[in-house]
Amino acid sequence: MIRAAINGSEHEFEEGLSVLKAAQSIGIDIPTLCHDDRLKPAGACRLCLVNINGQNHEAVSCRTPLADGMNVLTDTPAIEENRKWNLRMLARNYPLKAFQKYPVKQFHRLARSYGLTESDFSETGDVSCIDDSHTYISVDMSRCIKCFACARICDEVQGQFVWQVVGRGEESRLMPDSWGDFGSSSCVSCGACVDACPTGALEDKSLIERGVPTNWTKTTCPYCGTGCEMNVGIRDGRIVQIKPAHDSPVSYGHLCVKGRYAFDFNSAPDRITEPMIRENGDWVIVSWDDAIEYIAAMLKTIKSEHGGNAAAVLGSSRATNEENYVTQKFARVVLGTNNVDCCARVCHTPTAAAMKMMIGTGAATNSYDDFELAKTIIICGANPTENHPVAGARIKQAVINNGAKLIVIDPRKIELTKYAAVHLQLRPGTNIPLFNALACAIIEEGLFDAEFIKERVDEFAEFRSFATQYTPEMAAGICGIDAALIRQAARIYASEKPSMSVHGLGMTEHL
Ligand code: SF4
Ligand code: SF4
Ligand code: FES
C-alpha cells in the first residue's frame, strides 16, 4: 500500500495508481478533458494539474504515478487560475454556437464551471472543417481541442488506426486514413471516437438530427452473443442515440456498429407493435391483457387435455440470458415440459456435444478477459471482427499490445489473418484431419503436458495411437496446407502458453 496526503487528508492507496485515480478513489474530483479510463493517459489537455510536495511547478495528475509520502494539492488558487487560462486558450477559436447548443458536453460544462462566458468563444464557425461524408458520424474540426482521445481510442480499443495526427504543436490536426473525407476511410463505425470526444467535434448524426436524449436506459445489446452493455438514449419515445456502458465487465465501454448505430428497426413503420389474434383468417388488433388471457387459456386447455409435453418453447439468441432463463423456467414450472429449444442448439450441436463429452460442458470455458492473458489464441472457423466485433477488437489488441500469437484456421483470409503468426488456410470440411494432425505433431514432438494428462485425462494411450496416424505430412494432402505450417502452428499452440481456443460456426457447420 501507498500512504499519501491529498488536500491535507492522509489515506492509504493501492499501488500502481496515478495521482488522478487516487484522488478519484477518495471522491476528489479533478477536472479532465483528455483522460478516459479506457485509454492510456496522454497528458494533452493540462486540465488535471495538481501541486505535488509544494514544488513550484504543477504536474499533470493523469500521468503522474502516486508515490509514498506524496503531499498533493488539487485546487489551490494558482491551479484553478491555470485551468481557467487553459480552458480560455481552447475556447479562443471554438464556435460559440456549439457551446450554446450542447450544454452537457464535457468541455462546455467545464468552461461554464470555470466562469468562461460567451465572449471567450469564437463568433464564427469554420464551415471548411465540416465533413458529413460518414454514414453515422458528423465531423466538425472547428470544435477539435486536440486532445486526440479519438485517435487513441481508435488505436487502443478498436485497433483500427483510422485517425492520424499530422503536423506538430499548434499546427497539429487530425486526418482520417483516407487522407480525404472520413466516409472513405477504413472506419468500421464502432463510434468509440465519438464517445471519447469531449467537445462534439465528432458527433452522432442521429443526435444532431433528432435532438439530445432526455431519458437513458441501460440494457444489453440485442445483436450477437457477446453481450455488450449499452445505454439507450430516448427522446419523444424514440431512440436517438446509443452509447456504450463504461462500467460493463463484458464490453468495457465499447460497442460495434450494430449495437451503436443499427437501432432504426426499433421505430420501423412496418414493425408489429400491437398484439393481434387471428379471427376468421384475419388479424385483429387486441389489448395486451386480452392477448395474454387468450394465450393462457389456450395453453391451459392444451396442458389439461394433452399434458405439458404437448407444448414446446423456443428461446432466442436475440434475447438476454435472463430472458431465456425465465422462458425455460416458464416451460418447466408452468407448462411442465422440458421441450425447450433455441437456434443455438441447431447451429452449435456438433461442437457443444463434443465439448460436453471431452471437457464436461457444451459451453465456453473461458471468459473474454482471458484474451488479455493468453499467449496464443487459435481461431477456427470464426470471423470475430465481423461477427462479434467487440470480442474481435480485444483479440486484435491482445496481439498488438500483449504480443499474443494468433493462429487462424480458416479457408478465407479473414481480417484477423493480418495479425496471425500462422494462417492454416484449409480446404472447407477438413477441420478434423487438421486438428488430428496438430495433436499428432504435439505428441510426436513431446510438447504435451504429461503431468496434466496423467492427472486429468482418460484413455490417452488410445488417443495417442489414433492421432499419430494423422501425421501433418499425411493431413497436408487432405487439408491443402503445407505440413511444415501445421507443425509450426502445433509448436506455437503447445509451447507459447497459456493458449486459448476460439471457434465459430465455420467449424461447427463445416466439419
Ligand atoms: S476530435 Fe474530439 S476527441 Fe479528437 S482530438 Fe478533437 S476534441 Fe479530441
Ligand atoms: S468509429 Fe471506431 S473505427 Fe471509426 S474512426 Fe471512430 S473509433 Fe475508429
Ligand atoms: S486529463 Fe490529464 S492532461 Fe488531460
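None of the values given here were measured: they were computed from a predicted structure.

### Concerning the site of ligand 1
Part 1: For ligand 1, the set of nearby residues contains 14 residues, the closest of which are Cys-144, Cys-147, Phe-148, Cys-150 and Cys-197.
Part 2: Across the shell around ligand 1, the residue classes break down as 12 nonpolar, one polar and one charged.

### Quick word on helix H4 (residues 106–113)
Part 1: Taken residue by residue, H4 has Phe-107, His-108, Leu-110 and Ala-111 as its buried positions. Projected down its long axis, H4 shows its buried positions confined to an angular sector of 165°, all on one face.
Part 2: Elements in contact with the buried residues of H4: helix H2 (77–91) and helix H3 (96–101).

### Points about the sheet that holds strand S19 (residues 405–409)
Part 1: The parallel open sheet is built from four strands, whose spatial order is S20-S19-S18-S21. Among the strands making up the open sheet, the edge pair consists of strand S20 (422–424) and strand S21 (499–503). Put simply, the sheet's adjacent strands are angled 15° from each other on average, direction ignored.
Part 2: With three bridges joining them, S19 and S20 adopt parallel strand pairing. Bridge pairing links Ile-409 to Leu-424 in S20.

### Observations concerning the nonpolar core
Part 1: The biggest cluster of nonpolar side chains holds 41 residues, and the ones touching the most others in it are Leu-33, Leu-87, Phe-107, Phe-121, Trp-163 and Leu-202.
Part 2: Mapped onto this core, the elements with two or more residues apiece are H2, H3, H4, strand S7 (137–140), helix H5 (149–158) and helix H6 (192–196).
Part 3: Looking at this core, you find at least three residues from each of domain 1 (2–88) and domain 2 (95–105 + 116–267).
Part 4: Ignoring anything within four residues of it in the chain, the contact list for Leu-202 reads Ile-137, Ser-138, Val-139, Met-141, Cys-150, Trp-163, Cys-193, Val-194 and Cys-197.
Part 5: Listed in part, the 22 residues of the second largest apolar core include Ile-2, Leu-20, Cys-62 and Val-72.

### Re the layout of surface pockets
To find leftover empty space, a probe the size of one water molecule is rolled over the atoms.
Part 1: By volume, the second largest pocket amounts to about 970 Å³.
Part 2: Met-141, Cys-144, Ile-145, Lys-146 and Ser-172 are the residues nearest the centre of the second largest pocket, which is lined by 37 residues in total.
Part 3: Contributing elements (two or more residues each) for the lining of the second largest pocket: H2, strand S6 (130–131) and strand S9 (173–176).
Part 4: Residue composition of the lining of the second largest pocket, grouped by class: 20 nonpolar, 10 polar and seven charged.
Part 5: Each of two domains, domain 1 (2–88) and domain 2 (95–105 + 116–267), supplies a minimum of three residues to the lining of the second largest pocket.

### With respect to the site of ligand 2
Part 1: The full set close to ligand 2 counts 14 residues, and Cys-154, Cys-187, Cys-190, Gly-191 and Cys-193 are the nearest of them.
Part 2: Put simply, the parts of the chain that give the shell around ligand 2 at least two residues each are H5 and H6.
Part 3: When its residues are assigned to classes, the shell around ligand 2 shows 10 nonpolar, four polar and no charged.

### So, a nonpolar patch on the surface
Part 1: Where nonpolar side chains cluster on the molecular surface, the patch consists of Ile-272, Met-276, Trp-283 and Ile-285 and spans about 440 Å² of accessible area.
Part 2: If you trace the backbone, Ile-272 turns up in the loop between helix H8 (257–261) and strand S14 (276–279).

### A short note on helix H14 (residues 389–402)
Part 1: Its 14 residues give H14 an end-to-end C-alpha distance of 19 Å, which sits within 8% of 20 Å, the value for a rise of 1.5 Å per residue.
Part 2: With 11 of 14 residues buried, H14 lies mostly within the body of the structure.
Part 3: Of the residues making up H14, those classed as buried are Pro-389, Val-390, Ala-391, Gly-392, Ala-393, Arg-394, Ile-395, Lys-396, Gln-397, Ala-398 and Val-399.
Part 4: Looking at the buried side of H14, the elements it contacts are H5, H8, helix H12 (370–373), strand S18 (376–380), helix H13 (384–387) and S19.
Part 5: Downstream of H14 by one or two residues, Gly-403 has phi in the positive range, about 70°.

### Observations concerning unusual backbone geometry
Part 1: In the segment running from Lys-497 into Pro-498, the intervening peptide bond is cis, with an omega of 5°.
Part 2: The backbone phi angle of Asn-53 is positive, close to 55°, even though this residue is not glycine.
Part 3: Looking at the secondary structure, you find Asn-53 in the loop between strand S3 (49–52) and strand S4 (59–60).
Part 4: The class for Asn-53 is partly exposed, based on a relative accessible area of 45%.
Part 5: Backbone geometry places Phe-161, a non-glycine residue, at a positive phi of 55°.
Part 6: Along the polypeptide, Phe-161 turns up in the loop between H5 and strand S8 (163–166).
Part 7: Phe-161 gets classed as partly exposed once you look at its relative accessible area, which sits at 34%.

### Let's talk about the domain arrangement of the protein
Part 1: By domain assignment, the protein separates into domain 1 (2–88), domain 2 (95–105 + 116–267), domain 3 (276–341) and domain 4 (370–508).
Part 2: Computed over C-alpha atoms, the centres of domain 3 and domain 4 are 43 Å apart.

### Details of the packing of aromatic side chains
Part 1: Tallied over the entire structure, the rule returns 10 aromatic pairs.
Part 2: With a centroid separation of 5.4 Å and 50° between ring planes, the pair formed by Phe-448 and Phe-460 is classed as tilted. Note that Phe-448 is positioned in the loop between helix H15 (431–444) and helix H16 (450–456) and Phe-460 in helix H17 (residues 460–467), a separation of 12 residues in sequence.
Part 3: Given the relative accessible area of 25%, Phe-448 is considered partly exposed.
Part 4: Taken together through their ring pairs, the aromatic side chains of Tyr-94, Phe-99, Phe-107 and Phe-121 make up a single cluster.
Part 5: For Arg-318, the ring lying beneath its charged end belongs to Tyr-223, and the centroid distance is 4.9 Å.

### Considering the environment of Lys-356
Part 1: Mapped onto the secondary structure, Lys-356 falls in helix H11 (residues 343–359).
Part 2: Separated by 28 residues in sequence, Lys-356 and Pro-384 place their C-alpha atoms 23 Å apart.
Part 3: If we ignore the near neighbours within four places in the chain, the residues touching Lys-356 are Thr-361 and Gly-362.

### Description of the pairing of strand S1 (residues 2–6)
Residues in a regular strand point their side chains to alternate faces of the sheet.
Part 1: With four of five residues buried, S1 lies mostly within the body of the structure.
Part 2: As paired strands, S1 and strand S2 (residues 9–13) are joined by five bridges and run antiparallel to one another. Following the sheet pairing, Ile-6 is matched in S2 by Ser-9.
Part 3: Counted along the chain from S1 to the antiparallel partner S2, the turn is two residues long, and its residue Asn-7 has a positive phi close to 50°.
Part 4: Sheet topology note: the S1/strand S5 (residues 71–73) ladder contains two bridges and is parallel. Along S5, the bridge assignment pairs Ile-6 with Val-72.

The rules behind the values
Residues numbered from 1 in each chain as written. Chains lettered and ligands numbered in written order. Predicted model: local features only at pLDDT ≥ 70, side-chain atom pairs only at ≥ 80, totals over all residues. Heavy atoms only, no water. Near = heavy atom within 4 Å. Nonpolar A, V, L, I, M, F, W, Y, C, P; charged D, E, K, R; others polar. Buried < 20%, exposed > 50% of the residue type's maximum accessible area, 1.4 Å probe, protein only. Helix = DSSP H or I, 4+ residues; strand = E, 2+ residues; numbered from the N terminus. Arc of directions from axis to C-beta. Contact = heavy atoms within 4.5 Å. Pairing = 2+ DSSP bridges. Axes fitted to C-alpha atoms, helices over the stretch in contact; angles between N-to-C directions. Core = buried A, V, L, I, M, F, W, Y, C linked by side-chain atoms within 4.5 Å. Domains from an automatic or database assignment. 1 Å grid on protein atoms, 1.4 Å probe; cavity = no way out; pocket = protein on both sides within 12 Å on 5 of 7 lines; lining within 4 Å. Points joined across faces, edges and corners; volume = space filled by probe spheres on them. Patch = residues over 30% accessible without salt bridge, like charges linked within 9 Å, V, L, I, M, F, W, Y side chains within 5 Å. Areas by Shrake-Rupley, 256 points an atom, 1.4 Å probe, with all protein chains shown as cover. Salt bridge = Lys/Arg side-chain N within 4 Å of Asp/Glu carboxyl O. Expected span 1.5 Å × (residues − 1). Phe/Tyr/Trp six-rings, centres within 6.5 Å; stacked < 30°, edge-to-face > 60°. Lys NZ or Arg CZ within 6 Å of the ring centre and 35° of its normal.

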